[in-house]
Amino acid sequence: MYFSLKKLIADGANGGKFFWHNMYGAPNGCSGQWSDLMNNQPEVGSSWKGRILMQIEAEDAKHPERKEQPLEDGIKQRAISEGFFEDHEFEVIGEIGMGISLPSNAKEYRVMIKIGDFELVTEKPKEAKHGYNRWSERFAKTIFKTTYPDVDQMEQLFVYLLDGDKKICYWKGRVSEFTDPNPKYRWLILKNDKSLGKVKEDHEAGMIQMKFSINDKAKHGPVEFKSVDAWKKPPPRRLGSKKIRCFIFQCRDIPAADSDGASDSYISVWNPEGETYRTRMIEDSLNPIYFETIEMLYDMADLETAPPIIFNVWDHDDELMDAGDDFLGRAVIYLRDAKTNLEFGDDEE
């Protein structure tokens, strides 16, 4: 566990205050270099490992002493009186849309949302093909009971991509980012869990579409989510096909992948049909010029739920002993930033 000394001194004045301190690290049962890193540096941990109720007092002392002593009854009674052993109620509602550029072209994954020991898990996807899963699953409003007094002390929300019961990829962010009862869809860029090693590279982990809300009932009162725009309509049961036209002009200052200080690069465009869409290869350049157009069909319900376009830049290798082309970088383009004749809420094919 790590603490900010400056914050502890400020919070420890006037008798100190109680707080829940969350612990993070590698998944249980994992070992090795990456697991050690996550356990020694909890800020990079991929798993919640429990929490500790703490109180820290700070005072000036000419001769500081290091010692242990039994907890005074008055301190425990104060924690009880301040409600740290009582359940607090939070309303949660969430929705998982689709996943794109996922690790395997053939697997059906599930998705887990996790805050502390509270979990929501999807069923298997309604559609799966070529690194694409579509769940279109909404979690009904649920009452989450916990001794956390507020969302700030919950700290991290985790979203996991599950292969069976294994949490092979993850995203994490602050729970406080999800207090809006009328949220928009978010595309979460996953990371591979290196302590498990089921997915080799971060760029193979994929992206997950999600919207989620958490409401502190004691602070804000109950929310009628069905009356809020974000939750009025059910998830789409079917998607329409839209034509996407990508104009690819050039790259600048891409990494040098070859021993001569240059790269033999090309750009591929991910798509859920498993088709090969790529530019020609430009040899010996860090500023390749393509001037090519790629057209493809993309499944979406409307502009708000449309998946982004993923451009991957590769260095071509044709050496006999080389393991394959080298990944150089990625650009993610959201259709809201592109020129389109679609509108939000447009669900016509």
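For every chain, the first residue of the written sequence is number 1, and numbering continues from 1 along that sequence. Totals for whole chains, interfaces and linings use every residue, but because this is a predicted model, local features are given only for residues with pLDDT of at least 70 and side-chain atom pairs only at 80 or more, for both listing and counting. Hydrogens and water molecules were not included; the side-chain quantities draw on all heavy atoms of the structure.

Caption draft 1: Region of interest: the overall build of the chain. Note on conventions: DSSP H or I runs of at least 4 residues are helices, E runs of at least 2 residues are strands, and numbering of each starts at the N terminus. Helix and strand counts for the chain come out as 6 helices and 17 strands. Projecting the C-alpha coordinates of the chain onto the three principal axes gives extents of approximately 75 × 55 × 35 Å. For every residue, the accessible area (1.4 Å probe, protein chains only) is compared with the maximum for its type, and the residue is labelled buried under 20%, exposed over 50%, or partly exposed between those bounds. Counting over 349 residues, the chain shows a buried share of 46%. Methods summary: accessible areas were calculated by the Shrake-Rupley approach with a probe of 1.4 Å, and residue burial reflects only the protein chains presented. With an accessible surface of roughly 19900 Å², the chain has 47% of that area assigned to carbon and sulfur atoms. Each charge class in the chain was averaged separately, 47 positive and 62 negative side chains, and the resulting centres sit 5 Å apart. In summary, the charge assignment counts Lys and Arg as positive and Asp and Glu as negative, without counting His or the chain termini. In plain terms, the charge of a residue is placed at NZ if it is Lys, CZ if Arg, CG if Asp and CD if Glu.

Caption draft 2: Highlighting the sheet that holds strand 3 (residues 88-100). One open sheet holds the 5 strands; their spatial order is 6-7-3-12-10, and the pairing between them is antiparallel. With one partner strand each, in any of the chains shown, strand 6 (127-129) and strand 10 (186-189) form the two edges of the open sheet. The mean angle between the axes of side-by-side strands here comes to 30°, regardless of whether they run parallel or antiparallel. Pairing between strands is defined by DSSP: at least two bridges between the two strands are required. Two elements, strand 3 and strand 7 (residues 132-146), share 10 bridges in a ladder whose sense is antiparallel. Counterpart to Phe90 in the pairing with strand 7 is Phe144. Only the stretch in contact is used when a helix axis is fitted, and all axes are lines through C-alpha atoms; the angle between N-to-C directions ranges over 0 to 180 degrees.

Caption draft 3: A look at the sheet that holds strand 9 (residues 166-174). With antiparallel pairing, 5 strands are arranged side by side in an open sheet as 5-4-8-9-11. The sheet is open, and its two borders are formed by strand 5 (118-121) and strand 11 (191-192), each paired with just one other strand.

Caption draft 4: Expanded view of the environment of Asn287. Structurally, Asn287 can be placed in the loop between strand 14 (265-269) and strand 15 (289-300). Using a relative accessible area of 31% as the deciding quantity, one classes Asn287 as partly exposed. Separated by 281 residues in sequence, Asn287 and Lys6 have C-alpha atoms that sit 47 Å apart. By the convention used here, residues are in contact when the closest approach between their heavy atoms is within 4.5 Å. What Asn287 contacts, discounting residues up to four positions off in sequence, is Cys251, Arg252 and Asp253. Of note is the side chain of Asn287, whose polar atom sits 2.8 Å from the backbone nitrogen of Asp253. Distance and chemistry together define a polar contact, namely a pair of N or O atoms within 3.5 Å, with one atom able to donate a hydrogen and the other to accept it when in protein, and with adjacent residues in sequence counting only for side-chain atoms on both sides.

Caption draft 5: Up close: the pattern of salt bridges. We define a salt bridge as a contact between a side-chain nitrogen of Lys or Arg and a carboxyl oxygen of Asp or Glu at a distance within 4 Å. A complete count under the given rule lists 18 salt bridges for this structure. Of the charged contacts in the structure, one is a salt bridge between Asp163 and Lys107, with a shortest N-O distance of 2.7 Å. Taken together, the residues Asp163 in strand 8 (residues 156-163) and Lys107 in the loop between strand 3 and strand 4 (110-115) connect sequence positions 56 residues apart. The class of Asp163 is partly exposed, set by a relative accessible area of 26%. In this structure Lys107 comes out as partly exposed when scored by relative accessible area, which is 38%. In this structure, the salt-bridge partner of Asp299 is Lys129, at a minimum N-O distance of 3.2 Å. Taken together, the positions of Asp299 in strand 15 and Lys129 in strand 6 put the pair 170 residues apart, joining distant regions of the chain. The exposure class of Asp299 is buried, given its relative accessible area of 12%.

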